[in-house]
Amino acid sequence: MKYIKTLVMILLLAFPLAVKPSSFSNNEQGNCSTHPYRWSCDKELRVLTEAIYFEARGEHWRGQEAIANVIINRTKSEYFPRTISAVVYQNSNRLYSCQFSYMCDGKSETIRNLQAWNESVESATRVYYNIVDDHTDGALFYNNPSISKSKAWFSTLKVTKKIGNHVFYTNA
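Here the structure is a predicted model, which means the values were calculated and not measured. (Residues numbered from 1 in each chain as written. Predicted model: local features only at pLDDT ≥ 70, side-chain atom pairs only at ≥ 80, totals over all residues. Heavy atoms only, no water.)

Trainee: How should the packing of aromatic side chains be read in this particular structure?
Mentor: Describing an aromatic ring pair means giving the distance of the ring centres and the angle of the ring planes. Applying the stated rule across the entire model yields six aromatic pairs. Their ring planes at 90° and their centres at 5.0 Å tell us that tyrosine 128 and tyrosine 129 sit as a pair that is edge-to-face. Judged by relative accessible area, which is 27%, tyrosine 128 ranks as partly exposed. Residues tyrosine 142 and phenylalanine 168 carry aromatic rings whose centres are separated by 5.9 Å and whose planes lie at 40° to one another, so their mutual orientation is tilted. Highlighted residues: tyrosine 142 in strand S1 (residues 141–143) and phenylalanine 168 in strand S3 (residues 166–171), separated in sequence by 26 residues. Taken as a pair, tyrosine 142 and phenylalanine 168 share a single burial class, namely buried. (Phe/Tyr/Trp six-rings, centres within 6.5 Å; stacked < 30°, edge-to-face > 60°. Buried < 20%, exposed > 50% of the residue type's maximum accessible area, 1.4 Å probe, protein only. Helix = DSSP H or I, 4+ residues; strand = E, 2+ residues; numbered from the N terminus.)

The following block contains the structure:
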């Protein structure tokens, strides 16, 4: 298995994915057999990529993968939904009360930086296919202390790592 992970990582690095953002909306599957970017037909991978792009596009690849690790960790936790989409979209209909700030900040989710998008695709792919280990030591939460509006509830959590601009936490 480790050989396969290493091979996939080498292929990803040697042949970076030049992927344009999907033209599908969040709830639309589209015709995947004829869509020019078939990669985008895997809704869970696409949602994971979008979360990385909007939450961590300015971060190094390790920080981007750490955001994806938190999402994957939540799908394995009894306290969160079981799919990537359900985790990311949880409470997204409540202004400033969602799990991922980009989902409920009132701003348009428009992908403007193709290079950052492609980096997000690569990071999401590595985490989604379990090519890399969890950089967060099982974290279920994270924040960027310099921009977080609510800091009080983080004091009840245990810090697992600090990667880039984000601090990662688990239940105490």
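Back to the text.
Trainee: Help me out: how do you make sense of the nonpolar core in this one?
Mentor: One recurring pattern in soluble globular proteins: nonpolar side chains tend to sit buried together. Ranked by size, the top nonpolar core spans 30 residues in total, and within it Leu48, Ile71, Ile84, Val88 and Phe168 carry the most contacts. Elements that contribute at least two residues to this core include exactly helix H2 (43–56), helix H3 (61–75), helix H4 (84–89), helix H5 (114–128), S1, strand S2 (157–163) and S3. (Core = buried A, V, L, I, M, F, W, Y, C linked by side-chain atoms within 4.5 Å.)

Trainee: Which parts of the structure should I look at to understand the packing of H2 against H3?
Mentor: Helix-helix packing: each pair is described by the crossing angle between the helix axes and the interaxial distance. Contact geometry for H2 and H3: axes closest at 9 Å, N-to-C directions at 130°. It follows from the interaxial angle that H2 and H3 lie oblique. Between H2 and H3 lies a crossing of right-handed hand. Contact with H2, carried on its side by Leu48, Ala51, Ile52, Glu55 and Ala56, involves Gln64, Ile67, Ala68, Ile71 and Ile72 of H3 and no other residues of that element. Grouping the constituent residues of the contact of H2 with H3 by class yields eight nonpolar, one polar and one charged. (Axes fitted to C-alpha atoms, helices over the stretch in contact; angles between N-to-C directions. Parallel < 35°, antiparallel > 145°, perpendicular 65-115°, else oblique. Left-handed = near helix turned anticlockwise from the far one by under 90°. Contact = heavy atoms within 4.5 Å. Nonpolar A, V, L, I, M, F, W, Y, C, P; charged D, E, K, R; others polar.)

Trainee: How should unusual backbone geometry be read in this particular structure?
Mentor: Generally, phi is negative for residues other than glycine and the peptide bonds are trans, each holding for most cases. Its identity as a non-glycine residue notwithstanding, asparagine 130 has a phi of 60°, on the positive side. If you trace the backbone, asparagine 130 turns up in the loop between H5 and S1. The class of asparagine 130 is partly exposed, set by a relative accessible area of 44%. At aspartate 137, a position not held by glycine, the phi torsion is positive, near 55°. When you line up the elements, aspartate 137 lands in the loop between H5 and S1.

Trainee: Help me understand H3, please; the structure alone is not making it clear to me.
Mentor: An α-helical turn contains 3.6 residues, so a residue and the one three or four places further along point in the same direction. In this model H3 runs 21 Å from its N-terminal to its C-terminal C-alpha over 15 residues, within 8% of the 21 Å that 1.5 Å per residue would give. In terms of residue burial, H3 counts as a mostly covered element, since 13 of its 15 residues are buried. (Expected span 1.5 Å × (residues − 1).)

Trainee: How do you make sense of the sheet that holds S3 when you look at a structure like this?
Mentor: Sheets are built from strands that pair by backbone hydrogen bonding, the pairs being arranged parallel or antiparallel. Spatially, three strands are ordered S1-S3-S2 in an open sheet, and the strand pairing comes out antiparallel. Strand pairing shows two members of the sheet lacking a second neighbour, S1 and S2, which therefore form its edges. Each strand of the sheet is rotated relative to its neighbour by a mean of 30°, with strand direction disregarded. Pairing geometry for S1 and S3, over three bridges, is antiparallel. Note on S3: the bridge partner recorded for asparagine 143 is valine 167. (Pairing = 2+ DSSP bridges.)

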